[in-house]
Amino acid sequence: MNDILNRADIDQLILDFYKKIMVDPQIGYFFTEVVSLDLDHHLPKIADFWETTLFHQAKYKGNPITPHVAMHEKSPMTQAHFDRWVEVFCQTIDKRYEGEKAEMAKQRARSIATVMLIKIKNSESS
Ligand code: HEM
């Protein structure tokens, strides 16, 4: 198995991940009902995010927290939802990739999920 080496590998990973997550019994509805996603626009943005995170390419310019705070206001996001997101993301990586970047992606996903949930909780009181 290869490591995640370039943009094409990230695109493939994101495609695999969204195929699973959008039909996931626990959290799929966020992607299909809570938000109506234009995948042609959304998937390249997510790939930009991971290219920036893993390869320090300044592609992603947004703030990943904001849409999740807005989503939480429409439909509450819990620790269990984030645990599931991380589980599916890590399983998707393990199916196809192994190596330093693959490990880094899983580690970053876990730590960003932790920070995201804390910020979402904090947003409730403001
Ligand atoms: C239960 C957990 C999560 C769910 C259900 C979820 C779902 C979504 C959805 C539906 C959007 C589109 C929002 C919109 O356009 O209004 C989105 C955007 C995004 N998500 Fe998540 N997400 C979760 C966790 C995460 C985590 C842990 C990360 C990063 C490691 C992440 C990274 C992103 C990024 C980068 C965007 C694009 C933000 C932008 O528009 O600039 N998400 N997410």
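Up top you'll find the structure we're talking about.
Below is a summary of the structure that appears in this document. (Residues numbered from 1 in each chain as written. Predicted model: local features only at pLDDT ≥ 70, side-chain atom pairs only at ≥ 80, totals over all residues. Heavy atoms only, no water.)

### What about the environment of H81?
Here H81 lies in helix α5 (residues 79–96). For H81 and Q91, which are 10 residues apart along the polypeptide, the C-alpha to C-alpha distance reads 15 Å. (Helix = DSSP H or I, 4+ residues; strand = E, 2+ residues; numbered from the N terminus.)

### Looking at the coordination of the iron atom of the ligand
The protein gives the iron atom of the ligand a lone donor atom, H68 (NE2), placed 2.0 Å from the metal. Take H68: it is sitting in helix α4 (residues 65–74). (Donors = N, O, S within 2.8 Å, 3.2 Å for Na, K, Ca; no water.)

### Digging into unusual backbone geometry
The backbone of H56 sits at a positive phi, close to 55°, despite the residue not being glycine. Note on placement: H56 falls in the loop between α3 (39–55) and α4.

### A look at the site of the ligand
The local shell around the ligand holds 21 residues, among which F31, K45, Y60, H68 and W85 are the closest. Of all the elements in the fold, those that place two or more residues in the shell around the ligand are α2 (28–34), α3, α4, α5 and α6 (100–125). The element that contributes the greatest number of residues to the shell around the ligand is α3, accounting for five residues. Considering only residue class, the shell around the ligand consists of 17 nonpolar, three polar and one charged. (Near = heavy atom within 4 Å. Nonpolar A, V, L, I, M, F, W, Y, C, P; charged D, E, K, R; others polar.)

### Points about the packing of α3 against α6
Two elements in contact, α3 and α6, have axes separated by 10 Å at closest approach and are oriented at 110°. It follows that α3 is roughly perpendicular to α6 by the angle criterion. Of the two elements, α3 crosses α6, and the hand of that crossing is right-handed. Facing F49, W50, T53, L54 and F55 of α3, the residues of α6 in contact are K101, M104, A105, R108, A109 and I112. A class-by-class count of the residues in the contact of α3 with α6 yields eight nonpolar, one polar and two charged. (Axes fitted to C-alpha atoms, helices over the stretch in contact; angles between N-to-C directions. Parallel < 35°, antiparallel > 145°, perpendicular 65-115°, else oblique. Left-handed = near helix turned anticlockwise from the far one by under 90°. Contact = heavy atoms within 4.5 Å.)

### Some thoughts on the nonpolar core
I4, I14, Y18, W50 and F89 are the most contacted members of the largest nonpolar core, which has 36 residues in total. Counting residues per element, the ones that place at least two in this core are α1 (7–21), α2, α3, α4, α5 and α6. The element that contributes the greatest number of residues to this core is α6, accounting for eight residues. (Core = buried A, V, L, I, M, F, W, Y, C linked by side-chain atoms within 4.5 Å. Buried < 20%, exposed > 50% of the residue type's maximum accessible area, 1.4 Å probe, protein only.)

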